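Analysis of the macromolecular model
What follows is the residue order along each chain.
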Number of protein chains: 2
Amino acid sequence: MSDNSFELYAFWRTSATYRVRVALALKGLTAKERIVDLEKGEQRDPEFLKLNPMGAIPALRVSNDAAPLTQSLAILEYLEETAPEPALLPADPLGRARVRSLALMMAADTHPLVVPRVRKVLTGEHGFDAEAWKAWQTRWFTTGLQAMEQRLAAEPDTGTFCHGDRVTIADICLCSIPAVMQVFGIKAEGVPTVDRIVAACNAMPEFADADPFRQEGAPAR
Amino acid sequence: MSDNSFELYAFWRTSATYRVRVALALKGLTAKERIVDLEKGEQRDPEFLKLNPMGAIPALRVSNDAAPLTQSLAILEYLEETAPEPALLPADPLGRARVRSLALMMAADTHPLVVPRVRKVLTGEHGFDAEAWKAWQTRWFTTGLQAMEQRLAAEPDTGTFCHGDRVTIADICLCSIPAVMQVFGIKAEGVPTVDRIVAACNAMPEFADADPFRQEGAPAR
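Bear in mind that the values here come from a model prediction, so they are computed numbers and not experimental data.

On to the relation of the copies chain A and chain B. Superposition of the two copies of the chain requires a rotation about an axis and a shift along the axis. Between chain A and chain B, the superposition needs a rotation of 180° and an axial shift of 0.0 Å, giving an RMSD of 0.0 Å. Classification of the inter-copy transformation places it as that of a two-fold axis. For chain A, the smallest separation between a C-alpha atom and the rotation axis is recorded for A:Ala108, amounting to 2.1 Å. Of all interface residues in chain A, 100% are interface residues in chain B too; the two copies therefore contact each other through one and the same surface.

What follows is the structure, encoded as structure tokens:
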């Protein structure tokens, strides 16, 4: 299976799928998208579970002989290793550590707190109504972006993008948060460095084309 | 600063610090530990914030000229790149993607849901008492380990350890969850493959010595 026959199991609005879409585009790779409609619970369909028993998206099928790859950051590292140009990590170990640390602040510290399975527990068992859930989302999105702001504004390696003047996986993970915040009508205030870098990314077609509202299955904005 | 003068900002019981302790030990590296007592709020002391403005541990200082590294998975990747032997990732990209995916199921999908800042919000603002918090912890620890069980039991690459017969960062992240579950008196049932692999790891001194109860500042078990 060549890279032209990658298959990406995806849904229009998820933050983790967005990351993979951007990385594929930046690497000049294409993937045929297979929609897994989370609203309809298609991630639990037997056919999909045969492919990915975890019922999780994104999942990137890179070979007919191998299980699809899962976990967005693991997929980004795979793409970096197998399609090294353009590089999405800097060359030096300290720089790579900084970029990965920034990426994890979004993908590990922030996003897992606001996913559907957490909403299901808080609304189903702890009495969260729509307003309380939105406040919960807003809190963790904002906490995450403010922590990013603090680092990006203070650290000397910040440039046009999170790390110098080239896009890295830190930018992809950073932009994946506001990309879904807009889906839920949430905006973080007081994060000017974040806003500047997100705007720089969104001026690139690889980011702009990954906007959730531009994906198949998305509602009109 | 040679590797002998690494400094690890640490606390006895945290899952993410455990991961760094194990990785350093497996690489044959040592770090002087600087205790940041989370019970006393020392992560917010001005002196520590000068070093790491995020007030987060673990933080690994590898050079007097660079800010400490943060985020356990970023630190593990740094150690892998700068001290490649013994390898904690397989050589092939598909294997590396599988190992990173398993690691992220623990470090990103599971652990961030049960950290102190989440406890603070749920107990302080949403009426969680001690019992409700423990049920929350138990739910997410168990969900995470059952998902690991499902993959480890089904996937052909599972061996003595998560991926074949050599320890990888997947094992480190897997073991970091039961290591803190015991601190809170929580045990997951029905995960025999997980239990087998955790036991194989804990038979190694590099894992056993990282047990939270063996660290400076830990209470008697």
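The next subject is the environment of A:Arg21. Residues and elements named next belong to chain A. Along the chain, the position of Arg21 falls in helix H1 (residues 15-26). Between the C-alpha atom of Arg21 and that of Phe207, which follows or precedes it by 186 residues, the distance is 8.4 Å. In this structure Arg21 touches Leu8, Ala10, Phe11, Trp12, Glu33, Ala210 and Gln215, once residues within four positions along its chain are discounted. Side chain to side chain, Arg21 and Gln215 meet in a polar contact 3.2 Å long.

Moving on: the pairing of strand E2 (residues 31-35) of chain B. Residues and elements named next belong to chain B. Taken together, the 5 bridges between strand E1 (residues 6-10) and E2 define a ladder with parallel strand orientation. Residue pairing in the sheet places Leu8 in a bridge with Glu33 of E2. Between the parallel elements E1 and E2, the chain passes through helix H1 (residues 15-26) in a crossover that is right-handed.

Our focus in this paragraph is the environment of A:Pro178. Residue and element names in this part refer to chain A. Tracing the backbone shows Pro178 in helix H7 (residues 169-181). On the basis of relative accessibility, which here comes to 23%, the residue Pro178 falls in the partly exposed class. Separated by 17 residues in sequence, Pro178 and Asp195 place their C-alpha atoms 9.3 Å apart. What Pro178 contacts, discounting residues up to four positions off in sequence, is Leu145 and Val198.

As a further point, take the domain arrangement of chain A. A common measure of how large an interface is: the accessible area buried when the components associate. Residues and elements named next belong to chain A. In terms of domains, chain A is made up of domain 1 (7-86) and domain 2 (93-212). Once you take the C-alpha centre of each, domain 1 and domain 2 turn out to be 20 Å apart. Roughly 1700 Å² is buried in total at the junction of domain 1 and domain 2, and carbon and sulfur atoms are behind 71% of that figure. At the surface where domain 1 touches domain 2, the tally comes to 1 salt bridge. In this structure, Glu77 engages Arg100 in a salt bridge whose closest nitrogen and oxygen atoms are separated by 2.7 Å. At the junction of domain 1 and domain 2, the tally comes to 3 residue pairs in polar contact (both at pLDDT 80 or more). Counting residues per element, the ones that place at least two in the side of domain 1 that touches domain 2 are H1 and helix H3 (72-82). Of all the elements, H1 adds the most residues to the side of domain 1 that touches domain 2, at 9 residues. A class-by-class count of the residues in the side of domain 1 that touches domain 2 yields 9 nonpolar, 2 polar and 4 charged.

Reading the values: rules and limits
Residues numbered from 1 in each chain as written. Chains lettered and ligands numbered in written order. Predicted model: local features only at pLDDT ≥ 70, side-chain atom pairs only at ≥ 80, totals over all residues. Heavy atoms only, no water. Least-squares fit on C-alpha atoms with pLDDT ≥ 70 in both. Contact = heavy atoms within 4.5 Å. Helix = DSSP H or I, 4+ residues; strand = E, 2+ residues; numbered from the N terminus. Polar contact = N/O pair within 3.5 Å; in protein donor to acceptor, adjacent residues only side chain to side chain. Pairing = 2+ DSSP bridges. Right-handed = clockwise from strand over helix to strand, strands pointing away. Buried < 20%, exposed > 50% of the residue type's maximum accessible area, 1.4 Å probe, protein only. Domains from an automatic or database assignment. Buried area = accessible area lost by both parts, 1.4 Å probe. Salt bridge = Lys/Arg side-chain N within 4 Å of Asp/Glu carboxyl O. Nonpolar A, V, L, I, M, F, W, Y, C, P; charged D, E, K, R; others polar.

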